[in-house]
Amino acid sequence: MEVNLFGLAKLDGALDFRFSESEGLTAFADVSVSVGPDGFNIKADATGLIVINSEGVAVRMILGVALDLGPVAKLDAELELRLNSFGRDIVYNVPKQLQDRTGFATFTIPGAPPGKEGDPDWEGATYMSLGGRGVLDLMSGALILNGDFNIIIANTPVKGFVFELNIAAVLDLPVFKPLAVEGTLGFVVNGGDTGLYGSLYVGGVGPGSVLLEIGSVLSVGGNFLLQINTSAAEQK
């Protein structure tokens, strides 16, 4: 399918929409979108699946975004939204006539959030997650952020209600050397195990790295780790 709206918005891709009383709703899309005139526009590649039936609801959306605002900002990133109340993987088989366009035969909505696959504490969870990875360049290199993040909201049979934020990134600043930041901040509600937990690591990139260097006058290096756990259970 190809759509061109007066040269201002263009869409090209594959769509599959199915609905029946017995199997519910299944909607799949794998498209490329361009909004705005050539040379100053937003381009995105989007792949998504929605499944709704008597057992539950599952959604997965992947959006690749390329944004160029000249010297002000440049963004090249991929965002992913997941929701799954089935407690198991949902696998969609792409029709053969669409596989030349998609480049894959199946598309899966995982039964566990990102990074929790295979963890028994997360089996059978109902969850929603929003994650992203990419590069953000502000003011022609004044600040460059390269990394990923993930937010998880879930209700699990073992851990109870969980809210968790994960981030891993490298910051490139004018004064400092490249700075690595990696951490988790979460909150769990599960009876006596209710509490806040987290871990934050800040350091240079690579062994023996320097965080700040001003000629031969000042040189600062090192790694810093902060951890907290107010719940009564081990968190991982």
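Structure: see above.
A. Geometry of the overall build of the chain. What the chain contains, in helices and strands, is one helix and 16 strands. As presented, the chain carries roughly 13,800 Å² of accessible surface, and 62% of it is formed by carbon and sulfur atoms.

B. Highlighting the side chain of glutamate 80. By secondary structure assignment, the location of glutamate 80 is in strand β6 (residues 73–84). Separated by 2.9 Å, the side chains of glutamate 80 and arginine 82 make a polar contact. Those residues in contact with glutamate 80 that lie beyond four places of it in its chain are Arg60, Met61, Ile62, Ser129, Leu130 and Gly131.

C. Seen up close, the packing of aromatic side chains. Summed over all chains, the structure comprises four aromatic pairs. Each ring, one from phenylalanine 28 and one from tyrosine 92, has its centre 4.7 Å from the other, and the planes form 25°; the classification is stacked. Residue phenylalanine 28 is located in strand β3 (residues 24–35), and its partner tyrosine 92 is located in strand β7 (residues 90–93); the two are separated by 64 residues in the primary sequence. Taken as a pair, phenylalanine 28 and tyrosine 92 share a single burial class, namely buried. An aromatic cluster is built from Phe28, Tyr92, Phe104 and Phe107, whose rings are joined through pairwise contacts.

D. Structural view of the side chain of aspartate 16. Relative to the helices and strands, aspartate 16 is located in strand β2 (residues 9–20). A relative accessible area of 12% places aspartate 16 in the buried class. One polar contact links aspartate 16 to arginine 18, side chain to side chain, over a distance of 2.9 Å. Ignoring sequence-local partners within four residues, the contact set of aspartate 16 consists of Thr26, Ala27, Phe28, Tyr92, Pro95 and Leu98.

E. View of the pattern of salt bridges. Considering all chains together, one arrives at eight salt bridges under this definition. Notably, a salt bridge pairs glutamate 80 with arginine 60, separated by 2.7 Å at the nearest N-O pair. Here glutamate 80 is found in strand β6, whereas its partner arginine 60 is found in strand β5 (residues 56–68), with 20 residues between them in sequence. For the pair shown, glutamate 80 and arginine 60 are each scored as buried. For the salt bridge of glutamate 80 with arginine 82, the shortest nitrogen-to-oxygen distance reads 2.9 Å. Judged on exposure class, the residue glutamate 80 and its partner arginine 82 are both buried. One salt-bridge network, held together by shared partners, links Arg60, Glu80, Arg82 and Glu117.

What counts and what doesn't
Counting restarts for each chain: residues are numbered from 1 in the order of the written sequence. Only residues with pLDDT of 70 or above have their local features reported here, since the model is predicted, and side-chain atom pairs are shown and tallied only from 80 upward, although totals for entire chains, interfaces and linings are computed over all residues. In computing side-chain values, all of the structure's heavy atoms are included and hydrogens and water are not. Numbering of helices and strands runs from the N terminus, with a helix taken as a DSSP run of H or I at least four residues long and a strand as a DSSP run of E at least two residues long. Residue-level accessible areas treat just the shown protein chains as cover; the underlying method is Shrake-Rupley with a 1.4 Å probe. The definition of a polar contact used here is a pair of N or O atoms within 3.5 Å, where within protein one atom must be able to donate a hydrogen and the other to accept one, and adjacent residues in sequence count solely through side-chain atom pairs. By the convention used here, residues are in contact when the closest approach between their heavy atoms is within 4.5 Å. Any two of the Phe, Tyr and Trp rings considered here, Trp counted by its six-membered ring, make a pair once their centres fall within 6.5 Å; the pair's planes then place it as stacked at under 30 degrees, edge-to-face at over 60, or tilted in between. Here the term buried applies to any residue with accessible area under 20% of the maximum for its type, exposed to any over 50%, and partly exposed to those in between, with areas from a 1.4 Å probe on protein chains only. One side-chain nitrogen of Lys or Arg within 4 Å of one carboxyl oxygen of Asp or Glu is enough to make a salt bridge.

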